[in-house]
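# Summary of the model geometry
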Amino acid sequence: MQIPISNATAIGKVVRASRKAQGIRQDDAAGSMGVSENFLGKVERGADSVHWGKLFQVLEGLGIRLIVDVPEQVARHLPHASPDESTP
């Protein structure tokens, strides 16, 4: 299912729903992803200032793929991603 993301709050709701759907407590999820429970809470609340690297750890840990839909004119200026670039 594709969900439009226009701000930090929207991605936070997806992260929280994903964690809850998997039946994982926030402290357990944070520990298994290598982030603090405080950080995961900030992500779930949609805090505007989170560390990008850790955010991607959380997304990967919950099995959330982030896809950016860009106009064709932008895509033409992007180098073709190699398999190594598509995985963090």
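Read on for a plain summary of the structure.

Parameters at a glance
- Residues numbered from 1 in each chain as written.
- Predicted model: local features only at pLDDT ≥ 70, side-chain atom pairs only at ≥ 80, totals over all residues.
- Heavy atoms only, no water.
- Helix = DSSP H or I, 4+ residues; strand = E, 2+ residues; numbered from the N terminus.
- Buried < 20%, exposed > 50% of the residue type's maximum accessible area, 1.4 Å probe, protein only.
- Contact = heavy atoms within 4.5 Å.
- Expected span 1.5 Å × (residues − 1).
- Polar contact = N/O pair within 3.5 Å; in protein donor to acceptor, adjacent residues only side chain to side chain.
- 1 Å grid on protein atoms, 1.4 Å probe; cavity = no way out; pocket = protein on both sides within 12 Å on 5 of 7 lines; lining within 4 Å.
- Points joined across faces, edges and corners; volume = space filled by probe spheres on them.
- Nonpolar A, V, L, I, M, F, W, Y, C, P; charged D, E, K, R; others polar.
- Salt bridge = Lys/Arg side-chain N within 4 Å of Asp/Glu carboxyl O.

## Comments concerning the environment of R45
- Take R45: it is sitting in helix 3 (residues 37-45).
- Judged by relative accessible area, R45 falls into the exposed class, the value being 59%.
- Sequence spacing of R45 and A21 is 24 residues, and the spatial spacing of their C-alpha atoms is 17 Å.

## A short note on the side chain of R19
- Tracing the chain through its elements places R19 in helix 1 (residues 8-21).
- On the basis of relative accessibility, which here comes to 7%, the residue R19 falls in the buried class.
- The residues touching R19, leaving out its near neighbours within four places in the chain, are I24, R25, Q26, A29, L40, E44 and L62.

## Points about helix 1
- A rise of 1.5 Å per residue sets the reference length of helix 1, with its 14 residues, at 20 Å; its end C-alpha atoms lie 20 Å apart and thus fit the reference within 8%.
- Listing the buried residues of helix 1 in full gives A10, I11, G12, V15, S18 and R19.
- Those residues of helix 1 that are buried lie in contact with helix 2 (26-33), helix 3 and helix 4 (52-61).
- For helix 1, the capping residue at the N-terminal end is N7, with a side-chain oxygen 3.2 Å from the backbone nitrogen of T9.
- Looking one or two residues beyond helix 1, the residue adopting positive phi is G23, at roughly 70 degrees.

## Let's talk about the layout of surface pockets
- Taken as a whole, the largest pocket encloses approximately 560 Å³ of empty space.
- Along the wall of the largest pocket there are 14 residues; nearest its centre are Q2, I3, I5, R65 and I67.
- The residue makeup of the lining of the largest pocket, split by class, is 10 nonpolar, two polar and two charged.

## Observations regarding the pattern of salt bridges
- Counted under the stated rule, the structure contains four salt bridges.
- Measuring nitrogen to oxygen at the nearest pair gives 2.6 Å for the salt bridge that ties E44 to R19. Pair noted here: E44 is in helix 3 and R19 is in helix 1, with a separation of 25 residues, a long-range link. Exposure class is identical for E44 and R19. Each is buried.
- Taken together, the salt bridges that share partners define one network made up of R16, R19 and E44.

All quantities given are derived from atomic positions and should not be read as evidence of function.
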